[in-house]
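# Structural overview for review
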Amino acid sequence: MADLQDAIANAKDKLPEVTPTPPGFHPQATATELKGRLQWGEPALTIVDVRDRDSFNACRIMGAITMQMDALADRAESSLEHSRDIYIYGANDEETAAAANALRQAGFEKVAELKGGMDAWTEIGGPVEGTGTDDHPVSSGEYNVVSRIAEFTEERKKEG
């Protein structure tokens with residue numbers, strides 16, 4: 001029986017990958033990896049920006065939340081699950097690493113440092129938002145499915 005199971009496992013290993021799979025989680029993540037996960041439509045991740053408030057307001061990764069370094073662990077503890085995938089970025093890689101380490105020490109299991117931060121994100125054309133960007137959302141539907149469905153329903157009512 002073990003020989004049969006080994007033969008099946010070997011045969012499966014030789015087959016081409018026919019089913020697409022989402023990008024995996026890595027503690028040192030690239031902007032491309034994060035963008036791939038977002039494009040895949042994975043809802044089980046949180047993007048945390050630990051830069052100062054003015055930088056966050058001016059330009060941030062679309063959907064990111066702000067948590068300043070001085071209260072990071074406390075805010076995360078009260079608002080995030082310990083098993084959730086968290087992607088974190090700061091003003092530079094050193095600040096990002098310090099923030100990630102603070103969350104890991106607070107018991108968060110899956111914390112990824114976004115290497116290159118905002119610079120890497122904008123370089124690959126990742127979606128951004130903020131007062132300093134040209135990309136302003138047309139509606140709340142650009143942010144979430146519930147709003148998008150509500151807007152769609154309203155448009156349908158107008159049609160007749």
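Scroll up to find the structure this text is about.
These numbers were taken from a predicted model, which means no experiment stands behind them.

### Section: the sheet that holds strand β1 (residues 28-29)
- An order of β1-β6-β5-β2-β4 is seen for the five strands of this open sheet, with the pairing classed as parallel. Each edge of the sheet is formed by a strand with only one pairing partner; in this case those strands are β1 and β4 (65-66).
- In this structure, strand β2 (residues 45-49) lies alongside β4, joined through two bridges in parallel fashion. Across the sheet, the residue bridging to V48 is I65, located in β4.
- Packed onto the sheet, helix α2 (residues 31-40) meets β1, β2, β5 (85-89) and β6 (110-114) and runs at close to 135° relative to β2.
- The strands touched by helix α5 (residues 93-105) within the sheet are β5 and β6, with β6 carrying the most contacts at an inclination of about 175°.

### Examining the nonpolar core
- With 14 residues, the main nonpolar core has L34, I47, I61, Y87, Y89, L114 and W121 as its most contacted residues.
- For Y89, the contacting residues outside a window of four places in its chain are I47, V48, D49, V50, R51, R60, I61, A64, T96, L114, G117 and M118.
- Membership of the second largest hydrophobic core comes to 13 residues, among which are V48, M67, L72 and A76.

About the cut-offs
Residues numbered from 1 in each chain as written. Predicted model: local features only at pLDDT ≥ 70, side-chain atom pairs only at ≥ 80, totals over all residues. Heavy atoms only, no water. Pairing = 2+ DSSP bridges. Helix = DSSP H or I, 4+ residues; strand = E, 2+ residues; numbered from the N terminus. Contact = heavy atoms within 4.5 Å. Axes fitted to C-alpha atoms, helices over the stretch in contact; angles between N-to-C directions. Core = buried A, V, L, I, M, F, W, Y, C linked by side-chain atoms within 4.5 Å. Buried < 20%, exposed > 50% of the residue type's maximum accessible area, 1.4 Å probe, protein only.

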